[in-house]
Amino acid sequence: MGSRKKRGKAAKVRNYTQDEIKSACLKYMVLQTKNAAIKLAMEHFTFTEIRHDGLNIYFEEAEKEVSEFETLLSLVFENAATQADVEDAEANAVAEDVEANAVAEDAEANAMAEDAEANAVAEDAEANAVAEDAEATDAGETAENKGSFESVTQAVSKAEILERIATLRNRIIKISEIITGYADKFSIYEYVFNRLEYNFTSYENVPDDVATKQTLEFIFESDDNMLVNTRLLSVIGQLPIRMTKNHLCDLIIDGCKVYKGSEKSSYDGFLDNLREAAGLKRISHAFAYYDKFEEEVDFFSNLNIKEINENEFDELQERLEFITGELVSLSDIYFMLMSMINALYVICLSDSYGIKISKDLDESIIIRATYALFNDTPSDVWDVTNPEGDGFADRLESLNPFFDSIIGQQEVNSEQSEMLYSVINHIVGAQKDDVYAAFGIKGDAAQNQAENDIVRALDMISKLSGSSEFMELSDDEDISLGEKYEKKTENDELDLADNDYILKNADAFCYELKEKLKGCDRRVARAIMAAILEKLPVFFREAKEVAEYIKDSLSSCDDENEKQACINAINMLIDSAK
């Protein structure tokens, strides 16, 4: 044990050679590229199946983004011929060249024994030979230009494809922010209608003490503090809200103080999350389709909720469910799109360093086949899969055997890539110049374009391969693996949030919130307050305080319908965790 520990310490401080560095970086990219191709194959297969089956009618609203993604996918995969195809074309070109030369030589020999007319024939033959040679060369070049991603980018450069991927990715982020913004606004009315429903339905009455006991057991049954806090905040978001606006603002200010000493951007992001939860954030966009959601927000915000009867409730709930269903469907489409874009991004970044996806790999066959099905285009892939029929379903089913070899690979690759990333992270921190030198990058690394900067490429690949699909990739930061920091000189100070900054912005938010609550129906106000409480840092010091809060929330609720609706919502949380 002791010697192993010493070796571990020695490994952390030793220098790695440039060959070792390059090998580790390339192996990491190989593993991540392999995983990206598998992910892309599986998700595009599902994406194609859903679209074809008509399970989601909102594809047409994402047509522009889907079309651009399919174009990029085509540039990287479907338009590429195998290396064998290229070699065959080159061999054919050589054969035609030899044949043409032979014809020319025969004609030239005959010309020596004949008159001027024969010479003319020889010249024609030679001219034809030159033409055939040129034609064969063109054929070889055409085949080569349709080859790997490397040769495809002779027409569309790698830099342009990477830029188009980044542009599409940013557009999807913007659209997804709009969808999320409206989802937050409608979640307030979902909260209200879920509780209003109990005015018009029968239910089993659960006593306060039973509900309190069940809720506490759910929160504290785990030893994982993070899970305990997550469950606690979820429960707080469902309990009856019976607190003053001033008390809520006190809790908000206390929660904001946690950010003292943090970067201002982190604190500002926290306040933005609170604004979104409260429905305070104005959604500005240039996408006409989403204007109707703004109209629906206006409609629900002007409802006289207190006067809603049972018939009106059913109609309004159906209308709310339809509009939120639209948002969910659109969100699902853009989530799948973003996931596939991230995978394609990884593949293209890695390709810049010579990591290629062979056309003969099973995941590549699946990707090219589903592209052909999705876009209803011919493809040589059907010569490989040999579907028994020509219909969509037959061809889709013919791809099933290709999944056998890729299922389970991601887990193995991910485990290896995580270990490699840990090593690379250390190397970059200690030997950054050696990393650049290993890949032939000289001079100020910050001046290199992103696709030529190995450190930036590795960092982007890591982010794109992570669990956060919508991770923003900043171009104005100096990237160090495992540690992100802005470009600053030694004399610069970090832009941190001090007490004055925190209190000034917290007070401004509380004023904005109070103005919003002042004009709301009390049920909407409670929904907003619940949404904010769920976003705050945990404000309890011990389990006893949690128990008292739950008990007081239930006992102080004099609306039995609302109380039982809240208890039922908590029970649904409990059931979903089982």
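Here the structure is a predicted model, which is why all the values come from computation and not from measurement. (Residues numbered from 1 in each chain as written. Predicted model: local features only at pLDDT ≥ 70, side-chain atom pairs only at ≥ 80, totals over all residues. Heavy atoms only, no water.)

Engineer: Please clarify how the pattern of salt bridges should be interpreted in this entry.
Structural biologist: Note that side chains of opposite charge can pair when their charged atoms are close. Under the counting rule described, the total for this entry stands at 26 salt bridges. A salt bridge links Asp351 to Lys158; the nearest nitrogen and oxygen atoms lie 3.6 Å apart. Linking Asp351 in helix 13 (residues 310-351) with Lys158 in helix 7 (residues 158-196), this pair joins segments that are 193 residues apart in sequence. By relative accessible area, which is 17% here, Lys158 ends up buried. Between Asp521 and Arg523 there is a salt bridge whose closest N-O contact spans 3.6 Å. Ionic contacts of the salt-bridge type, sharing partners, join the residues Lys158, Asp351 and Lys356 into one network. (Salt bridge = Lys/Arg side-chain N within 4 Å of Asp/Glu carboxyl O. Helix = DSSP H or I, 4+ residues; strand = E, 2+ residues; numbered from the N terminus. Buried < 20%, exposed > 50% of the residue type's maximum accessible area, 1.4 Å probe, protein only.)

Engineer: Even after reading the chapter, I still don't get unusual backbone geometry, so can you show me in this structure?
Structural biologist: The residue Asp376 is not glycine, and still its phi comes out positive at about 55°. When you line up the elements, Asp376 lands in the loop between helix 14 (362-375) and helix 15 (382-385). The phi torsion at Asn386 lies on the positive side, around 50°, for a residue other than glycine. Along the chain, the position of Asn386 falls in the loop between helix 15 and helix 16 (392-397).

Engineer: Looking at this model, I keep getting lost on the packing of aromatic side chains. Mind explaining?
Structural biologist: To describe a pair of aromatic rings, you give the distance between the ring centres and the angle between the ring planes. Taken as a whole and assessed by the stated rule, the structure comprises 24 aromatic pairs. Between Phe193 and Phe300, the ring centres sit 6.2 Å apart and the planes meet at 80°, which makes this aromatic pair edge-to-face. With Phe193 in helix 7 and Phe300 in helix 12 (residues 291-301), the pair connects residues that are 107 residues apart, well separated along the chain. Like Phe300, Phe193 is buried. An aromatic cluster is defined as three or more aromatic residues linked by ring pairs; in this entry it consists of Phe186, Tyr189, Phe193, Phe200, Phe299, Phe300 and Phe313. Its guanidinium or amino end placed over the ring of Phe439, Lys22 lies 5.6 Å from that ring's centre, counting from NZ or CZ. Directly above the aromatic system of Phe374 lies the positively charged group of Arg51, at a separation of 4.0 Å from the ring centroid. (Phe/Tyr/Trp six-rings, centres within 6.5 Å; stacked < 30°, edge-to-face > 60°. Lys NZ or Arg CZ within 6 Å of the ring centre and 35° of its normal.)

Engineer: When you look at the packing of helix 18 (residues 409-438) against helix 19 (residues 454-464) in this model, what are you seeing that I'm missing?
Structural biologist: When two helices pack together, their arrangement is captured by the angle between the axes and the distance separating the axes. Taken N-terminus to C-terminus, the directions of helix 18 and helix 19 make an angle of 160°; their axes are 10 Å apart at the nearest point. With respect to helix 19, the axis of helix 18 lies roughly antiparallel. Here the hand of the crossing between helix 18 and helix 19 comes out left-handed. Residues Tyr421, Ile424, Val428, Lys432, Val435 and Tyr436 of helix 18 lie in contact with helix 19, whose contacting residues are Ile454, Val455, Leu458, Asp459 and Ser462. Per-class residue counts for the contact of helix 18 with helix 19 are 8 nonpolar, 1 polar and 2 charged. (Axes fitted to C-alpha atoms, helices over the stretch in contact; angles between N-to-C directions. Parallel < 35°, antiparallel > 145°, perpendicular 65-115°, else oblique. Left-handed = near helix turned anticlockwise from the far one by under 90°. Contact = heavy atoms within 4.5 Å. Nonpolar A, V, L, I, M, F, W, Y, C, P; charged D, E, K, R; others polar.)

Engineer: For this particular structure, what's the right way to read the state of the cysteines?
Structural biologist: Throughout this description, disulfide means a covalent bond between two cysteine sulfur atoms. Within this structure, the stated rule accounts for 0 disulfides. Of all cysteine sulfurs, the one in Cys510 lies closest to Cys249, which takes part in no disulfide; the gap is 3.4 Å. Relative accessible area serves as the criterion here: at 5%, Cys249 is assigned to the buried category. (Disulfide = S-S within 2.5 Å.)

Engineer: Just checking my understanding: could you explain the packing of helix 13 against helix 19 for this structure?
Structural biologist: Axis separation between helix 13 and helix 19 bottoms out at 9 Å; the angle between their running directions is 155°. One way to sum up the angle between helix 13 and helix 19 is to call them roughly antiparallel. When you trace helix 13 past helix 19, the crossing you get is left-handed. Judged by residue contacts, Asn342, Tyr345, Val346, Leu349 and Ser350 of helix 13 engage Ala457, Met460, Ile461 and Leu464 from helix 19. Its residues assigned to classes, the contact of helix 13 with helix 19 shows 7 nonpolar, 2 polar and no charged.

Engineer: Can you walk me through a negative patch on the surface in this structure?
Structural biologist: Residues Glu190, Glu197, Glu307, Glu310, Glu312, Asp314, Glu315, Glu318 and Glu321 make up a contiguous surface patch of negative charge. The dominant element in the negative patch, judged by the number of residues it contributes, is helix 13, at 6 residues. Locating Glu312 in the fold gives a position in helix 13. Note on Glu312: relative accessible area 35%, which makes it partly exposed. (Patch = residues over 30% accessible without salt bridge, like charges linked within 9 Å, V, L, I, M, F, W, Y side chains within 5 Å. Areas by Shrake-Rupley, 256 points an atom, 1.4 Å probe, with all protein chains shown as cover. Lys, Arg positive; Asp, Glu negative; His and termini not counted. Charge placed at Lys NZ, Arg CZ, Asp CG, Glu CD.)

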